[in-house]
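Geometric and topological summary
Here is what each chain is made of, one letter per residue.
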Amino acid sequence: MLVGTVMRKIKSRTWKKQRYFKLQEDCMTIWYKSKKAGNAHSTFSVSDVEAVREGHQSEVLLSIADEFPADRCFTLVFRGRRGNLDLVAESAEEARSWIQGMRKLIENLENMGEREKLDQWIGDWFKKADKNNDGRMNFKEVRDLLKMMNVDMNEHHAHRLFTMADKSQSGTLEDDEFVLFYKMLTQREDVLRVFQDYSSDGQKLSQTDLEDFLREEQLEGDDVQQHAKQLIERYEPSDTAKLLNAMTFDGFLMYLGSAEGSIFNPRRRGVFQDMSQPLCHYFISSSHNTYLMEDQLRGQSSMEGYIRALNRGCRCVEVDCWDGANGEPIVYHGHTFTSKILFKDVVNALGNYAFKVSEYPVILSIENHCSVEQQRVMARHLTHILGDKLLKSALGGKAPIRLPSPEDLKGKILLKAKKIGGLEETFNGMVEDSLTVEVSDEDDTAEIDEDNLHRGNLRHKPKVDLTTNHINRWSEFVLHNSRHLTRVYPSGFRTDSSNFNPQEMWNVGCQIVALNFQTAGEGMDLNDGLFRQNGSCGYILKPDFMTQAEKKFDPEMAQQRDGYQPLVLTIQVISGQQLPKVNIKEGSIVDPLVRVEIHGVPMDQANNQITDEYVLTRFNPVWYDTLRFNIHTPELAMVRFVVEDYDKTSKNDFIGQYTLPFSCIQQGYRHIHLLSKDGTSIPPSSLFVHIRITELE
C-alpha cells in the first residue's frame with residue numbers, strides 16, 4: 001500500500017479506468033490519480049471509510065463479474081452519503097493486500113483513545129494548511145488556518161502562545177509544535193474548574209478525591225473505590241501519578257471524554273433486556289422502501305439500501321416485487337422512474353448481511369405484485385439462497401399459543417406478505433405458517449399508513465378489525481398492540497421520501513414503525529437514538545404498561561397510569577468543543593446555539609428550549625445555561641440535543657445532534673459526542689453538560 005498500486009476504478013460495465021492508489025506515510029490518507037491527469041490527484045482519509053467488502057458485493061461489480069473474478073474485486077464503503085468506490089486489482093494477491101490493509105487501518109482508528117483522535121484531527125488540519133508540504137507554518141499561515149477551523153481569537157494572545165509553542169525558535173511551527181499551540185489555545189477551563197473543585201492540592205486528584213467526585217457528581221454507588229482505581233489505570237497517562245494512585249488533569253480530561261464519561265450509560269450498550277417475550281412486546285427497527293437510495297419517484301434502487309439498513313440494526317425490510325424480464329422478478333417502486341434491481345440479488349444481500357450486526361430475526365415485508373409464475377421463481381430463490389435461515393414452518397411443528405420471541409427466532413428470516421395465491425402454495429403451505437402464526441397473531445399484521453392513523457381510519461387486513469368506531473381511546477389501540485403486530489409506514493404523498501415523527505407511533509405501542517432510512521433528519525435521529533441501546537440489536541422491549549392488558553395505558557392521559565411518577569430532568573449546558581464550520585463562505589464564523597428537545601407522550605412533547613442565541617465564543621463556546629424539563633412518562637421519552645449555526649436572516653444551519661432514550665442517560669458531568677445529519681460521528685465535536693434527574697414534587 002505504501003509503495004502504490006494500479007487498480008481499475010469501476011463505475012459501470014462500460015466505465016472502467018485505471019488509477020494509481022498509494023497510502024501516504026501518515027498511514028491515514030489514501031492518495032490516487034489518473035495516469036493521464038498530469039499532476040491532478042485526489043485523496044480521502046481512512047477515517048472516511050466505514051467498511052471493506054470483498055468480491056462482487058455491489059451492483060457495479062456484479063455487472064462485470066463475467067470479466068473480473070471475485071478475488072480481484074472489492075468495495076470501499078464510505079460513511080454518510082458519499083458513494084462507494086468499486087475497485088479491481090491486477091491480481092488476487094494485490095486485492096488481498098489492500099483488503100487486509102484497509103481493515104487493519106480502520107481497526108487501528110476505532111481503537112484510538114479520545115486524546116489520540118484529537119491529535120490526529122489537529123494533524124489533519126495542519127496537513128490541509130501546509131500548502132508547500134514543508135511541514136512548517138509561520139504565524140500568518142497559522143492564523144489563516146485557525147479561521148478555517150472556526151477559531152475566533154485575540155491575535156495578541158494567539159501570537160504569545162505561538163511563541164511559547166515554537167520550541168525550536170524558528171519563527172514557524174512544525175506539526176507537533178502546532179498540536180501544542182492548539183491545545184494551549186483551547187485549554188478546557190470548564191473541566192479545570194471541576195477538577196480543582198475536587199482536588200485536595202489543586203494539582204491532582206488522589207484516589208479519595210476521585211471517589212468523592214464519582215459519588216457526589218456522577219452519582220455512582222456501586223464499589224466506587226474499585227471504579228476509581230480502574231479509571232486511574234485506564235486513563236491516567238502519567239506512570240508517576242499511577243504509582244501514587246492519583247489522576248492528573250490530563251487523565252481526568254481523558255476519562256470525561258471517553259465512552260465511560262459520555263451521556264450514554266455504557267451498561268445499556270450491550271443486550272440487557274429480556275429477549276424471551278412475544279414479538280409484539282418489542283419495538284422493531286423497520287425500514288420503508290428499503291431498496292431506495294433517494295426519493296421514490298426517480299431515485300436509484302440498490303442492494304446497498306438493504307446492506308446499509310441491516311448494518312444499522314434494521315430488522316424489518318421492505319421488498320416491492322414486480323414481474324421482470326426473462327422470468328426474473330424485479331424490485332423497484334412500481335409505476336415510477338426509480339431504477340430496478342433483481343429480486344435474487346436482494347435475497348443474496350439478505351443472506352449475507354441479515355445477521356452481521358444482530359442475531360435476532362429479520363422480517364422480510366413483501367409487497368407482492370408478481371404473477372403466480374414469477375412468485376414461484378421468488379419462492380425458489382428464497383429457499384435456495386436463504387436455506388435454513390428462512391422460517392418455513394411453525395416452531396416445534398405446531399401453532400404456538402402466543403407469538404414466538406426474538407430469542408426463539410434467532411438467526412431466522414420471516415416472511416410477511418399478502419396471501420394472493422402462488423407464493424405460499426409453492427411452499428406447500430409452509431410459508432402460510434410463517435406469514436401468519438410466526439409473524440403476527442390472529443393471522444396477519446395490521447398495516448396502517450400515517451395519514452390514516454392520524455385520522456383514525458386504519459387500513460387493515462381481514463382478521464384485524466380496527467375501525468374508527470372501535471377505537472374510542474388510544475388505550476384500546478395500545479391494548480391491541482400488546483397482542484398483535486402493527487406496521488405503520490409513511491404516506492404515499494411523501495414523494496421526497498421524507499419521514500414522519502415515529503414517536504407518536506411508539507406512544508401507542510406500534511412495533512413496526514417503518515421509516516425511509518435513506519432520508520436524514522429528526523425521524524431517523526429518533527429511530528437511531530431508540531435502537532442505540534440493547535446491543536443495537538433492532539429490538540427494544542416495550543414498557544410493561546404497554547404489554548400487560550390490565551394496565552390500560554393512554555398516552556394522552558399519562559398521569560392516570562398505575563405507578564405514575566413524573567421526573568425532572570435538569571441539564572446545564574456548559575460548553576461546546578471543536579464545533580465544525582458549516583458555512584464555507586470566507587470570513588464566516590459559526591454562532592452556535594444548542595436546542596434540547598424532549599420527544600415522548602403529548603405531555604412531554606411540548607418541552608423545547610434553546611440556549612442563549614448570542615454566543616460570542618464560537619469554536620469552543622461556553623454557556624453555563626440551565627434547562628429544566630418535567631418528564632411524565634420517562635419510559636417512552638427521548639432526548640435530542642441539536643447544535644445549529646444561528647442566523648438572524650435565514651434558517652439556521654445544522655451542525656450536529658445526538659439523540660438517546662431518557663432511560664439511558666448517565667447523570668453528572670458528561671460529554672455528548674455529536675453526530676452528523678447522516679448519523680455518523682464527527683469527532684472531536686462535543687457538548688459538555690451536567691445532568692440531574694429528580695422526582696417531581
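Within an unreviewed UniProt entry, the label attached to the protein chain reads Phosphoinositide phospholipase C, and the organism entered is Myripristis murdjan. Note on the protein chain: under the UniProt heading Cofactor (unreviewed entry), the record states "Ca(2+)".

If you tally the helices and strands in the protein chain, you get 21 helices and 29 strands. Put simply, the protein chain has 697 residues, and 54% of those count as buried. Long-range pairs, those at least 24 residues apart, make up 67% of the contacts in the protein chain between residues at least 6 apart in sequence. As presented, the protein chain carries roughly 30400 Å² of accessible surface, and 47% of it is formed by carbon and sulfur atoms.

Mapping C27 onto the fold places it in the loop between β2 (16–23) and β3 (29–34). Classification of C27 as partly exposed rests on a relative accessible area of 33%. If near-sequence neighbours (up to four positions away) are discounted, C27 is found in contact with V46 and L105.

With their axes 11 Å apart at the nearest point, helix α4 (residues 139–148) and helix α5 (residues 155–165) run at an angle of 120 degrees to one another. Classified by the angle their axes make, α4 and α5 are oblique. Considering how the two elements wind past one another, α4 and α5 form a crossing that is right-handed. Counting all contacts with α4, which are made through F139, V142 and R143, the residues of α5 involved are E155, A158, H159 and F162. In terms of residue class, the contact of α4 with α5 is built from four nonpolar, one polar and two charged.

This structure, assessed with the given rule, holds 26 salt bridges. Where R8 meets E90, a salt bridge forms, and the shortest distance between an N and an O atom there is 3.4 Å. Taken together, the residues span a long stretch of sequence, with R8 in strand β1 (residues 5–10) and E90 in the loop between β7 (85–89) and α2 (92–110) at a distance of 82 residues. The class of R8 is partly exposed, set by a relative accessible area of 22%. Under the relative-accessibility criterion, E90 is labelled partly exposed at 38%. Of the charged contacts in the structure, one is a salt bridge between D190 and R188, with a shortest N-O distance of 2.9 Å. Each member of the pair D190 and R188 is classed as buried. Here the residues in one salt-bridge network are E522, D525, R595, E597, R640 and E644, joined through shared partners.

In space, the seven strands of this open sheet follow the order β4-β3-β2-β1-β7-β6-β5, with antiparallel pairing throughout. Each edge of the open sheet carries a strand with a single partner, namely β4 (42–45) and β5 (49–54). Pairs of neighbouring strands in the sheet enclose a mean axial angle of 35 degrees, with direction left out of account. Note that strand β6 (residues 73–78) and β7 share four bridges and pair antiparallel. Bridging across to β7, L76 finds its partner in L85. On the sheet, α2 packs against β1, β2, β3, β5, β6 and β7 and is oriented at approximately 150 degrees with respect to β5.

Next up on the list: unusual backbone geometry. Both trends apply: most residues other than glycine have a negative phi, and most peptide bonds are in trans. For C27, which is not glycine, the phi torsion reads 55 degrees and is therefore positive. Of note, L219 is a non-glycine position whose phi angle comes to about 55 degrees, a positive value. With respect to the secondary-structure elements, L219 resides in the loop between α8 (207–216) and α9 (224–235). When its relative accessible area of 42% is taken as the criterion, L219 is described as partly exposed.

Right, let's talk about the packing of α4 against helix α6 (residues 175–185) for a bit. Where α4 meets α6, the closest approach of the two axes is 13 Å, and the angle between their N-to-C directions is 55 degrees. In terms of orientation, α4 and α6 fall into the oblique class. Crossing of α4 against α6: the hand is right-handed. Contact with α4, carried on its side by V142, L145 and L146, involves F178, F181 and L185 of α6 and no other residues of that element. Partitioned by chemical class, the residues of the contact of α4 with α6 number six nonpolar, no polar and no charged.

Applying the stated criterion across every chain, the model contains 22 aromatic pairs. Centroid distance F21 to Y32: 5.0 Å. Interplanar angle 15 degrees. Geometry classified as stacked. Placement of the pair is F21 in strand β2 and Y32 in strand β3, with a sequence separation of eleven residues. Both residues of the pair, F21 and Y32, belong to the buried class. Between the aromatic rings of Y198 and F213, the centroid separation amounts to 5.5 Å while the plane-to-plane angle is 80 degrees, which identifies the pairing as edge-to-face. Taken together, the residues span a long stretch of sequence, with Y198 in helix α7 (residues 189–198) and F213 in helix α8 at a distance of 15 residues. The two residues Y198 and F213 agree in class, both being buried. Each residue in the set F195, Y198, F213, F249, F252, Y669 and F688 is aromatic and connected to the rest through ring pairs, giving one cluster. Stacked on the ring of F688, the Lys or Arg R188 has its end atom at 5.3 Å from the ring centre. The ring of Y332 carries the charged tip of K340 above its face, separated from the ring centre by 4.4 Å.

Relative to the helices and strands, P266 is located in the loop between α11 (249–256) and β12 (282–287). On a C-alpha basis, the gap between P266 and C664 in space is 8.5 Å, while along the polypeptide they are 398 residues apart.

With that settled, the discussion passes to the confidence of the model for the protein chain. Averaged over all residues, the pLDDT of the protein chain is 85; the fraction at 70 or higher stands at 87%. Strand β21 (residues 539–541) holds the highest mean pLDDT among the elements of the protein chain, 98, whereas helix α16 (residues 430–435) holds the lowest, 30. The low-confidence segment residues 421–444, where pLDDT is below 50, has 72 contacts with residues more than four positions distant or belonging to other chains. Residue range residues 457–468 is modelled with pLDDT below 50. Its contacts to residues more than four positions away, or to other chains, number 31 contacts.

So, about helix α20 (residues 522–530). Across the nine residues of α20, eight count as buried, placing the element largely inside the fold. Of all the residues in α20, the buried ones are G523, M524, D525, L526, N527, D528, G529 and L530.

Here the focus is the pairing of strand β26 (residues 638–645). The element β26 is largely enclosed, with a buried count of eight among its eight residues. The pairing of strand β23 (residues 592–599) with β26 spans eight bridges and is classified as antiparallel. Bridged to E597 within β26 is R640.

What counts and what doesn't
- Within any chain, residue numbers begin from 1 and follow the written order of that chain's sequence.
- Since the coordinates come from a predicted model, pLDDT governs what is reported: local features require at least 70, and pairs of side-chain atoms require 80 or more to be given and counted, while whole-chain, interface and lining totals use all residues.
- The basis for every side-chain value is the complete set of heavy atoms in the structure, and neither hydrogens nor water enter the calculation.
- UniProt positions are given in the numbering used here, feature names are shortened, and annotations may be inferred rather than shown by experiment.
- Here a helix means four or more residues in a row that DSSP labels H or I, a strand means two or more in a row labelled E, and each is numbered from the N terminus.
- Think of it in three bands: with a 1.4 Å probe and only protein chains considered, a residue is buried below 20% of the maximum accessible area for its type, exposed above 50%, and partly exposed in between.
- The contact criterion used throughout is that any non-hydrogen atoms of two residues lie within 4.5 Å.
- Method for areas: the Shrake-Rupley scheme with a 1.4 Å probe, in which residue coverage is limited to the protein chains shown.
- Axis angles are defined between N-to-C directions and span 0 to 180 degrees, where every axis is a line fitted to C-alpha atoms and, for a helix, only to the segment in contact.
- Put simply, angles under 35 degrees are roughly parallel, angles over 145 are roughly antiparallel, angles from 65 to 115 are roughly perpendicular, and the rest are oblique.
- In a left-handed crossing the near helix is turned counterclockwise from the far helix by less than a right angle, and in a right-handed crossing that turn is clockwise.
- Gly falls in the polar group here, along with every residue not listed as nonpolar (Ala, Val, Leu, Ile, Met, Phe, Trp, Tyr, Cys, Pro) or charged (Asp, Glu, Lys, Arg).
- Salt bridges, as used here, are contacts in which a Lys or Arg side-chain nitrogen is within 4 Å of a carboxyl oxygen on Asp or Glu.
- Each pair of strands is called paired provided DSSP finds at least two bridges between the two strands.
- Ring geometry is summarised as follows: Phe, Tyr and Trp rings, the Trp one being its six-membered ring, pair when their centres sit within 6.5 Å, and such pairs are stacked at plane angles under 30 degrees, edge-to-face over 60 and tilted between the two.
- Criterion for a charge above a ring: Lys NZ or Arg CZ within 6 Å of the ring centre, and within 35 degrees of the ring normal.
- Confidence per residue, as judged by the predictor, is encoded in pLDDT with a range of 0 to 100.

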